[in-house]
Amino acid sequence: MEAAARLRRLRQEAAEYYRGHRVPERMEEALNALFPQRPDDLYGELANYLSKFSKAPVICKLVGRKVLDGVGQPTLEVEIYCTIKNYEKRICSTVMATHSQIPENALPETIEADEKERNDSVHTAVEWVNESLNTMLRDLEPTDQYQADKMLGEYFANKVEEEREIEKQEEEGEEEKEEEDAAKVPPAPALCPPAPTSKSKKGGKGKKGLVEVKPIPPAEPAEPVLGGSLAIGGTSLAIAKAGATIRHIPLYLHTALLKHNQESPKEMTLPLPMVTVLNCEKNSPTKLKLVKEVMLIPPAELSLKQGIERILDIQKEMTRLLASPGKMAPTLKGISHLGCLTTGYDSIEQVLLLMQTACKNMGLELGTDMYLAINCAAHELMNYDKEKYEILTGTFKSPDEMVAMYVEMINNFPFIIALIDPLRKEEREQWSSICCALGSKCYLIAEDAATQISKLKTDQNINIAMCSGVVLKYINQTKVSDLIELTGILDGQRHITILGSPDGESSDESLVDLAVGLGARFLKLGGLSRGERVAKYNRLLAIEEELAANGALR
């Protein structure tokens, strides 16, 4: 009874306060001042106004799950939820692209081991997201990208250290076991060591002394990928997308603001697409091994829409030529996982003749109306027994001979304006030579030959001074802030940035927004087939249209 009487008294006091202070009239006056022309939805407008004073959205939940990428391989999806005005709301998700370091001609057992390792890695990544990262990032504002990436980087560094400790303990255990086994075996009798011998090539007639052959540098070991590392890249990108959504701006603008300290660019330049039109399989029965991808680059004076339409027309003409009687290639196998025609050739001249003929039939000229780029993937050509590159079946060239061959090729075919991975990354001397010889004529780009992102951040001079630019891929533990930092380094050194799509591409279109926001010169997405690749080209065209409509397209 007392409680009910108290409640009635409070209501009466509140009513008297409202009447005495003219609260309803003042609310009406405030609304008229805020909204002189009363909107159709007054309460909606009022809600929008008051929302400015609400707390900033914060992350409340991360969800990781195993999904499939564009080639049916397992990968990671990260979903992000935020607390907005006291309600939990799903903001966005991202699906990571996967990258394999296994070459095309790998043995079946190597491929099988790689698939098992990938499955285990995705499983670990899902655990990291749903458990540790979910707890660690809770209550963080998604617009605070650098703080999120700092926390993710520290978490990953701790995981790497844990893995090293485990490996160290395993090695010590193996050494102890070997010592115990050695103690059980009686020592063998001492033998006299054989006399040392030296191998060298004999000099020919009239030559003095011996000719010493300089060995090629051994292949650098691939940077180990820690199982679960997809969780770092996936979470960083999901937070960037969430930050853009919360700010009601597209991801490319959010990325540009992050790169330029929140200073909004007045104009933005779109990257030129490197569109793959031919995938020349290196393990096909045909002879040519030097070319992995043939790419078309439209001239800068065309809009992207015009450039892609022109490439599609050329591609249709190429398909017609290849399918017609007396076709211009020994084999045509259909569409590859890169979204382009798969075929084989016996010489580089055959490839270039096809491209020239297709363009000529369309009334176009290579070198004026369209340009060519070639991905050589030289790291897949090295025969370590012969210490030479196998450019054609049974035809081998030394690193110095490769440089001479490329110089002759570019002189004969000046419409080739970019070579990707013309040499292994270990051939530092030859990279310098080819840059001196061809640097003013075409882009010499390092993709596999580029130093890993983690090493580039710690030593900015490794392998950068000897190429025109670098292909960066958003894979594994790469974070959005890593790409921002690296593109800043490359910009400062006047190297071009190319954002590249990995072999195992996903349907996520974020790579395009990142490329635009970071100011990349080129975008390497594969061909104009397969849904996961076409989606990115469509996103690029949509951004062009949006920037043009806003008067922000340079």
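As annotated in an unreviewed UniProt entry, the protein carries the name Enolase 4 and is attributed to Sylvietta virens. A UniProt comment under Sequence similarities (unreviewed entry) is attached to the protein, and it reads "Belongs to the enolase family." According to UniProt, the comment filed for the protein under the heading Catalytic activity (unreviewed entry) is "(2R)-2-phosphoglycerate = phosphoenolpyruvate + H2O".

What follows is about the sheet that holds strand 1 (residues 58-68). Hydrogen bonds between backbone atoms are what pair the strands of a sheet, whose relative direction is either parallel or antiparallel. An order of 1-2-3 is seen for the 3 strands of this open sheet, with the pairing classed as antiparallel. This sheet does not close on itself; its edge strands, each paired only once, are strand 1 and strand 3 (87-95). When the angles between neighbouring strand axes are averaged without regard to direction, this sheet yields 20°. Here strand 1 runs beside strand 2 (residues 74-84); their pairing, made up of 10 bridges, is antiparallel. Residue pairing for strand 2: Ile 59 is matched across the bridge by Cys 82. Helix-sheet contacts for helix 4 (residues 108-136) involve strand 1 and strand 2, and the interaxial angle to strand 1 is about 165°. Strand contacts of helix 6 (residues 230-246): strand 1, strand 2 and strand 3, with the helix running at about 125° to strand 3, the strand carrying the most contacts.

Turning our attention to unusual backbone geometry. Peptide bonds are mostly trans, and most non-glycine residues show a negative phi. The backbone phi angle of Asp 139 is positive, close to 75°, even though this residue is not glycine. Among the structural elements, Asp 139 can be located in the loop between helix 4 and helix 5 (145-184). The exposure class of Asp 139 is exposed, given its relative accessible area of 60%. A positive phi angle, near 70°, is found at Arg 530, a position not held by glycine.

Let us look at the packing of aromatic side chains. Going through the model one piece at a time under the given rule, you end up with 3 aromatic pairs. Judged by centre distance (5.5 Å) and plane angle (75°), the ring pair of Tyr 443 and Phe 522 falls under edge-to-face. Note that Tyr 443 is positioned in strand 13 (residues 443-446) and Phe 522 in strand 16 (residues 522-526), a separation of 79 residues in sequence. Exposure remark for Tyr 443: the relative accessible area of 26% places this residue in the partly exposed category. It is Lys 61 that lies over the ring of Tyr 81; its NZ or CZ is 4.4 Å from the centre. Geometry around Phe 396 places Lys 386 over its ring, the cationic atom sitting 5.1 Å from the centre.

Let's shift gears to a negative patch on the surface. A cluster of acidic residues, Glu 163, Glu 165, Glu 167, Glu 170, Glu 171, Glu 172, Glu 174, Glu 175, Glu 176, Glu 178, Glu 179 and Glu 180, forms a negative patch at the surface. Within the secondary structure, Glu 175 is located in helix 5. Look at Glu 175 and you get partly exposed, because its relative accessible area is 47%.

Checked against the element boundaries, Thr 75 lands in strand 2. Assessed through its relative accessible area of 0%, Thr 75 is described here as buried. At 2.6 Å, the side chain of Thr 75 and the backbone oxygen of Met 96 are in polar contact. Sequence-distant contacts of Thr 75, that is, excluding residues within four places in its chain, are made with Arg 65, Lys 66, Val 67, Leu 68, Asp 69, Val 95, Met 96, Thr 98, Val 122 and Leu 230.

Attention now goes to the confidence of the model for the protein. Across the protein, pLDDT averages 87, with 90% of residues at or above 70. Every residue in residues 195-208 scores below 50 in pLDDT, and together they form 7 contacts with partners more than four places removed in sequence or on other chains.

Let's shift gears to the sheet that holds strand 10 (residues 388-392). Taken together, the 3 strands give an open sheet; going across it, the order is 9-10-11, and neighbouring strands pair in antiparallel fashion. Pairing within the sheet leaves two strands with one partner each, and these edge strands are strand 9 (382-383) and strand 11 (395-397). Pairing geometry for strand 9 and strand 10, over 2 bridges, is antiparallel. In the sheet register, Asn 383 faces strand 10, and the bridge partner there is Lys 388.

Moving on to the pattern of salt bridges. Following the criterion strictly, the structure yields 24 salt bridges and no others. Among the salt bridges present, the one from Glu 154 reaches Lys 150, with a minimum N-O distance of 3.0 Å. Taken as a pair, Glu 154 and Lys 150 lie in helix 5 at a separation of 4 residues, close to a single helical turn. The exposure class of Lys 150 is partly exposed, given its relative accessible area of 48%. In this structure, Lys 292 engages Glu 380 in a salt bridge whose closest nitrogen and oxygen atoms are separated by 3.2 Å. Here Glu 380 lies in the loop between strand 8 (371-375) and strand 9 and Lys 292 lies in the loop between strand 4 (272-280) and strand 5 (293-297), a separation of 88 residues in the sequence.

Attention now moves to the nonpolar core. Residues Leu 290, Tyr 406 and Ile 416 are the most contacted members of the largest nonpolar core, which totals 124 residues. Of all the elements, helix 6 adds the most residues to this core, at 10 residues. Both of domain 2 (58-156) and domain 3 (250-550) provide at least three residues apiece to this core. Setting aside residues up to four positions removed in sequence, Ile 416 forms contacts with Leu 352, Leu 372, Ile 374, Met 409, Ile 410 and Cys 442. With 13 residues, the next largest nonpolar core counts Leu 272, Ile 297, Ala 418 and Phe 522 among its residues.

Conventions and cut-offs
- Residues numbered from 1 in each chain as written.
- Predicted model: local features only at pLDDT ≥ 70, side-chain atom pairs only at ≥ 80, totals over all residues.
- Heavy atoms only, no water.
- UniProt positions renumbered as here; feature names shortened; annotations may be inferred.
- Pairing = 2+ DSSP bridges.
- Helix = DSSP H or I, 4+ residues; strand = E, 2+ residues; numbered from the N terminus.
- Axes fitted to C-alpha atoms, helices over the stretch in contact; angles between N-to-C directions.
- Contact = heavy atoms within 4.5 Å.
- Buried < 20%, exposed > 50% of the residue type's maximum accessible area, 1.4 Å probe, protein only.
- Phe/Tyr/Trp six-rings, centres within 6.5 Å; stacked < 30°, edge-to-face > 60°.
- Lys NZ or Arg CZ within 6 Å of the ring centre and 35° of its normal.
- Patch = residues over 30% accessible without salt bridge, like charges linked within 9 Å, V, L, I, M, F, W, Y side chains within 5 Å.
- Areas by Shrake-Rupley, 256 points an atom, 1.4 Å probe, with all protein chains shown as cover.
- Salt bridge = Lys/Arg side-chain N within 4 Å of Asp/Glu carboxyl O.
- Lys, Arg positive; Asp, Glu negative; His and termini not counted.
- Charge placed at Lys NZ, Arg CZ, Asp CG, Glu CD.
- Polar contact = N/O pair within 3.5 Å; in protein donor to acceptor, adjacent residues only side chain to side chain.
- pLDDT = per-residue confidence, 0-100.
- Core = buried A, V, L, I, M, F, W, Y, C linked by side-chain atoms within 4.5 Å.
- Domains from an automatic or database assignment.

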